[in-house]
Amino acid sequence: MNTNEKTGIDAILPSLEYIGEEKEELTAYLAGRNFTDRIMEHIQTTKIHTQNSLFWLLFCIFNITLLLIFGGGRTIFMEILMHFDVLSEVLFFFLGLTLTSGVIGFVLSISRN
Amino acid sequence: MEQSDNSLIDFILNGDKECFRILIDRYKERVFYVGKKFFSNPADAEDFSQEVFIRVYERLGSYRGRGSFAAWIYRLAFNLAVNKYHIKKRTLFEGELPEETASHAYIPEEKVLDSLYKEKIREELKVLPPGYQLVFNLHYFEGFTYPEISNITGFPVGTIKSHIYRGKNLLKERLAVYEYE
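Residues numbered from 1 in each chain as written. Chains lettered and ligands numbered in written order. Predicted model: local features only at pLDDT ≥ 70, side-chain atom pairs only at ≥ 80, totals over all residues. Heavy atoms only, no water.

Now for the overall build of chain A. Within chain A one finds six helices and zero strands. Helices and strands appear in chain A in the N-to-C order α-α-α-α-α-α. Residues counted as buried form 28% of the 113 residues belonging to chain A. Summarising the internal contacts of chain A: among those between residues at least 6 apart in sequence, 71% fall at separations of at least 24. (Helix = DSSP H or I, 4+ residues; strand = E, 2+ residues; numbered from the N terminus. Buried < 20%, exposed > 50% of the residue type's maximum accessible area, 1.4 Å probe, protein only. Contact = heavy atoms within 4.5 Å.)

Let us now look at the overall build of chain B. The helix and strand tally for chain B stands at eight helices and zero strands. Helices (α) and strands (β) of chain B occur, in sequence order from the N terminus, as α-α-α-α-α-α-α-α. In chain B, which comprises 181 residues, the proportion classed as buried is 50%. Intrachain contacts of chain B at a sequence separation of at least 6 include 65% that bridge at least 24 residues. Surface accessibility of chain B: about 9,100 Å² in total, with carbon and sulfur atoms responsible for 50%. (Areas by Shrake-Rupley, 256 points an atom, 1.4 Å probe, with all protein chains shown as cover.)

With that settled, consider a nonpolar patch on the surface. A cluster of nonpolar side chains, L54(A), L57(A), L58(A) and I61(A), forms an exposed patch at the surface whose accessible area comes to about 360 Å². As for its placement among the helices and strands, L54(A) is situated in helix α4 (residues 50–71). (Patch = residues over 30% accessible without salt bridge, like charges linked within 9 Å, V, L, I, M, F, W, Y side chains within 5 Å. Salt bridge = Lys/Arg side-chain N within 4 Å of Asp/Glu carboxyl O.)

Moving on, we get to the nonpolar core. Residues and elements named next belong to chain B. By size, the foremost hydrophobic cluster in this structure holds 63 residues, and its most contacted members are F20, F38, V56, L60 and F69. If you tally residues by element for this core, the top one is helix α4 (residues 69–83), at eleven residues. When we break this core down by domain, the ones giving at least three residues each are domain 1 (5–85) and domain 2 (102–178). For F38, the residues in contact, after removing those within four places along its chain, are F48, A77, F78, A81, I87, L92 and L134. (Core = buried A, V, L, I, M, F, W, Y, C linked by side-chain atoms within 4.5 Å. Domains from an automatic or database assignment.)

Turning next to the packing of helix α7 (residues 146–153) of chain B against helix α8 (residues 157–175) of chain B. Residue and element names in this part refer to chain B. Following both chains from N to C, one finds α7 and α8 inclined at 105°, their axes separated by 8 Å at the closest point. With respect to each other, α7 and α8 are oriented roughly perpendicular. Packed against α7, whose contacting residues are Y146, P147, I149, S150 and T153, the element α8 presents V157, I160, K161 and I164 at the interface. For the contact of α7 with α8, the class distribution of residues is six nonpolar, two polar and one charged. (Axes fitted to C-alpha atoms, helices over the stretch in contact; angles between N-to-C directions. Parallel < 35°, antiparallel > 145°, perpendicular 65-115°, else oblique. Nonpolar A, V, L, I, M, F, W, Y, C, P; charged D, E, K, R; others polar.)

Bringing the environment of L171(B) into the picture now. Residues and elements named next belong to chain B. Mapped onto the secondary structure, L171 falls in helix α8. For L171, a relative accessible area of 0% translates into the label buried. Each C-alpha atom, one on L171 and one on I121, is 7.6 Å from the other, the two residues being 50 residues apart in sequence.

Here we come to the packing of helix α3 (residues 35–43) of chain A against helix α3 (residues 42–58) of chain B. Between α3(A) and α3(B), the least distance of the axes is 10 Å, while the angle of their chain directions is 40°. Classified by the interaxial angle, the pair formed by α3(A) and α3(B) is oblique. Crossing handedness for the pair α3(A) and α3(B): right-handed. Judged by residue contacts, F35(A), R38(A), I39(A), H42(A) and I43(A) of α3(A) engage E46(B), S49(B), Q50(B), F53(B), I54(B) and Y57(B) from α3(B). In the contact of α3(A) with α3(B), the residues fall into six nonpolar, three polar and two charged. (Left-handed = near helix turned anticlockwise from the far one by under 90°.)

And the structure:
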């Protein structure tokens with residue numbers, strides 16, 4: 001006998017439709033409870049991109065905070081940056097770029113709601 | 001023609017919320033089935049299933065189309081059960097099995113393909129601890145591989161294999177079926 005051949009329970013299980021047998025029962029129960037309609041009612045008020053928008057908003061706030069820290073007053077960071085002129089320009093340019101992309105991301109995520 | 005899950009998701013993400021109704025109708029029995037294995041009370045299973053679909057909707061944007069959508073929903077359901085409802089997955093594999101009745105005694109191999117015998121297996125599957133029913137359903141009836149089930153349930157592949165093996169042994173014991181040599 002071929003040793004790879006599935007026998008006994010192994011042979012029978014895949015030929016059953018276990019959930020299929022219960023499906024009608026489950027369908028009837030859920031239909032009686034207006035399951036789909038209740039979810040649809042709920043999601044009509046749900047904003048799907050809320051999380052994305054929140055992420056972009058936090059990203060923008062983080063960028064602005066960094067700009068304020070590096071750009072405002074004589075902080076310890078400024079003391080360090082004063083010794084590296086080019087570095088500070090690159091840093092502010094980079095922060096400007098990330099803030100711009102953050103704002104674009106935020107606006108796009110809001111507009112898709 | 002039936003629309004694929006991915007195209008429906010695209011429509012939903014582009015604002016057509018009604019397409020989500022099709023997804024719910026496509027998967028509600030499966031999610032509710034999982035809920036019934038986690039909760040003995042049907043009302044709790046229903047609340048759980050509803051919450052799963054609401055989460056699915058809220059997180060549709062993070063579904064990248066890698067792997068099947070069914071697997072993604074199952075994973076979400078398992079995570080919700082464990083993280084919010086504090087379901088201990090291990091306990092799903094525990095529990096007393098009801099006494100076997102005389103009619104469940106030895107059934108000859110010739111009867112293996114008999115529809116009555118299949119019905120008996122289905123009956124026996126329903127009295128197995130819920131965890132075994134879940135992994136059996138995922139593997140044999142949904143067609144997920146061991147690594148996929150591991151990804152869904154969070155159990156290591158070895159544990160899944162051993163649950164399937166133990167579940168089959170429980171079934172065999174109850175059906176008194178002997179494997180061919």
